[in-house]
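As a plain string of letters, each chain reads:
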Amino acid sequence: MADAYRILQQDEDVGVALCGAAFLTMIYGAPTVLRIDKIAAVQRQHMKNDRYAVVTIIDPRVGRDIDADARHRAKQVSNEMAPHTIAMTFVVLGTGFFASMVRRVIAGLQLFSN
C-alpha cells in the first residue's frame, strides 16, 4: 500500500496532513490568526477540488491567548471552506478550566459559522 498519509506542512505552529478523505491539522498552542492563516493556505491549495472530513487537534497547554481576531478569522475560514468540508471535528487536549473554555469557544464558532 502507498503512504497512508501525506504531511503537507509541519513547523513550530501547525502540522497539516492528508489521510485519504481526512484533512488533519494540529495547532501547537492556542489558535492565533497566524496559525489559522497557515492552515487555511494549505486547505485552499489541497481541498479546492474535493470534499474532506476535517479533524483539528488543538493543544492550548502551550499558549493560552485566544483573542477576538483569532475567533473572527476561524469563523471566516470555516465559512470559506464549508463547500469543501464533509464533516468537522475538534479535539482539545488538556483538562481543567482553560481547556474547557477553548472547547466552549469552538462550539460557539461552529454554531454561528453557518
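It should be emphasised that the depicted structure is a prediction, and the values quoted were computed from it without experimental measurement.

The rules behind these values
- Residues numbered from 1 in each chain as written.
- Predicted model: local features only at pLDDT ≥ 70, side-chain atom pairs only at ≥ 80, totals over all residues.
- Heavy atoms only, no water.
- Salt bridge = Lys/Arg side-chain N within 4 Å of Asp/Glu carboxyl O.
- Helix = DSSP H or I, 4+ residues; strand = E, 2+ residues; numbered from the N terminus.
- Buried < 20%, exposed > 50% of the residue type's maximum accessible area, 1.4 Å probe, protein only.
- Axes fitted to C-alpha atoms, helices over the stretch in contact; angles between N-to-C directions.
- Parallel < 35°, antiparallel > 145°, perpendicular 65-115°, else oblique.
- Contact = heavy atoms within 4.5 Å.
- Nonpolar A, V, L, I, M, F, W, Y, C, P; charged D, E, K, R; others polar.
- Pairing = 2+ DSSP bridges.

J.: Just to check I follow, could you spell out the pattern of salt bridges for this structure?
T.: It is possible for side chains bearing opposite charge to pair when their charged atoms get close. Tallied over the full model, the rule gives five salt bridges. A salt bridge links Asp37 to Arg73; its shortest N-O distance comes to 2.5 Å. Here Arg73 lies in helix α2 (residues 68-81) and Asp37 lies in helix α1 (residues 33-47), a separation of 36 residues in the sequence. Using a relative accessible area of 17% as the deciding quantity, one classes Arg73 as buried.

J.: When you look at the packing of α1 against α2 in this model, what are you seeing that I'm missing?
T.: When two helices pack together, their arrangement is captured by the angle between the axes and the distance separating the axes. Where α1 meets α2, the axes come as close as 9 Å, and the angle between the chain directions of the two elements is 10°. The angle between α1 and α2 places the two elements in the roughly parallel class. Here Val33, Ile36, Asp37, Ala40, Gln43, Arg44 and Met47 of α1 lie close against α2, whose contacting residues are Asp69, Ala70, Arg73, Ala74, Val77, Glu80 and Met81. Partitioning the contact of α1 with α2 into residue classes produces eight nonpolar, one polar and five charged.

J.: Would you take a moment to explain the side chain of Thr56 for this structure?
T.: Secondary-structure assignment places Thr56 in strand β4 (residues 52-59). Since its relative accessible area comes to 7%, Thr56 is described here as buried. Ignoring any residue separated from it by four or fewer positions in sequence, one finds Thr56 in contact with Thr25, Ile27, Thr89, Phe90 and Val91.

J.: I would appreciate a short explanation of the sheet that holds strand β5 (residues 85-92) in the present structure.
T.: The pairing of strands in a sheet happens through backbone hydrogen bonds and is either parallel or antiparallel. Reading across the sheet, the five strands line up as β1-β2-β3-β4-β5 and stay open at both edges, with mixed pairing between neighbours. With one partner strand each, in any of the chains shown, β1 (6-10) and β5 form the two edges of the open sheet. On average, each strand axis in the sheet is tilted by 15° relative to the strand beside it, whichever way the strands run. With six bridges joining them, strand β2 (residues 14-19) and strand β3 (residues 22-28) adopt antiparallel strand pairing. Bridging across to β3, Gly15 finds its partner in Met26. In this fold α1 packs onto β1, β2, β3, β4 and β5, with an angle of close to 165° to the strand it touches most, β3.

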